[in-house]
Amino acid sequence: MTNFPQDQIDEVVRLFGKFQVHEESGRTFWLFPALPLRDGCQPGACDVMFEPGRQEDHGTSKMFFAHPLTTRSSRNQNPSSEHRLDRNWTKYSWSIKKPGLRLAELFAEHLGVTR
């Protein structure tokens, strides 16, 4: 598993709830079951899978949703599908280009797709 500072992991748990850690093909995924999403987002909650950035991927992180999302925003979110952990997930073309974010800040930025 990719190592992250414990205080940052604790902050993610405090703000977004407990998660399960899964490994697949050398990649680490954090699964948040039934994570509540923002008001106006449908579904209102769903399983969310977060792949924290890996150093060899230049810190690129990804977020996956168990279901396609309908939001109040009309912006083009470019959804695509990816099969991970024996499930199909929806991911959005959502690039976070803010170096130095803490894990909780990065997670919240990814959740911005639900606005």
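What comes next is a walk through the structure. Every value quoted in this text rests on a predicted model; they were computed, and no experiment measured them. (Residues numbered from 1 in each chain as written. Predicted model: local features only at pLDDT ≥ 70, side-chain atom pairs only at ≥ 80, totals over all residues. Heavy atoms only, no water.)

This part is about unusual backbone geometry. Here the residue pair Gln42 and Pro43 is connected by a cis peptide bond, since its omega of 0° sits within 30 degrees of zero. Its location among the elements puts Pro43 in the loop between strand S2 (27-36) and strand S3 (45-51). At Leu85, a residue that is not glycine, the phi angle is positive and equals roughly 50°. With respect to the helices, strands and loops of the structure, Leu85 is situated in the loop between strand S5 (79-84) and strand S6 (87-92). For Leu85, a relative accessible area of 18% translates into the label buried. Unusually for a residue other than glycine, Asp86 sits at a positive phi of about 60°. Relative to the helices and strands, Asp86 resides in the loop between S5 and S6. On the basis of relative accessible area, Asp86 is assigned to the exposed category, the value being 72%. (Helix = DSSP H or I, 4+ residues; strand = E, 2+ residues; numbered from the N terminus. Buried < 20%, exposed > 50% of the residue type's maximum accessible area, 1.4 Å probe, protein only.)

For the rest of this paragraph, the subject is the pairing of S3. Across the seven residues of S3, five count as buried, placing the element largely inside the fold. Pairing analysis gives five bridges linking S2 to S3, with the strands arranged antiparallel. Residue pairing in the sheet places Leu35 in a bridge with Cys46 of S3. (Pairing = 2+ DSSP bridges.)

Right, let's talk about helix H2 (residues 103-111) for a bit. Three or more residues of H2 are buried, namely Leu103, Ala104, Leu106, Phe107, His110 and Leu111. Across the axial projection of H2, the buried residues extend over an arc of 160°, all falling on one side. Close packing links the buried residues of H2 with helix H1 (6-16), S2, S3 and strand S4 (62-65). (Arc of directions from axis to C-beta. Contact = heavy atoms within 4.5 Å.)

In this section: the packing of H1 against H2. Where H1 meets H2, the axes come as close as 8 Å, and the angle between the chain directions of the two elements is 40°. Relative to H2, the element H1 lies oblique. Between H1, through Gln8, Ile9, Glu11, Val12, Leu15 and Phe16, and H2, the contact on the second element is made entirely by Leu103, Ala104, Phe107, Ala108 and Leu111. Here the contact of H1 with H2 is composed, by residue class, of nine nonpolar, one polar and one charged. (Axes fitted to C-alpha atoms, helices over the stretch in contact; angles between N-to-C directions. Parallel < 35°, antiparallel > 145°, perpendicular 65-115°, else oblique. Nonpolar A, V, L, I, M, F, W, Y, C, P; charged D, E, K, R; others polar.)

Moving on, we get to the packing of aromatic side chains. A full pass over the atoms with the stated rule returns eight aromatic pairs. Note on Phe29 and Phe64: the rings are 6.2 Å apart at their centroids and 70° apart in plane angle, and the pair reads as edge-to-face. Note that Phe29 is positioned in strand S2 and Phe64 in strand S4, a separation of 35 residues in sequence. The rings of Phe4, Phe16, Phe19, Trp30, Phe32, Phe50 and Phe107 are connected pair by pair, giving a single aromatic cluster. (Phe/Tyr/Trp six-rings, centres within 6.5 Å; stacked < 30°, edge-to-face > 60°.)

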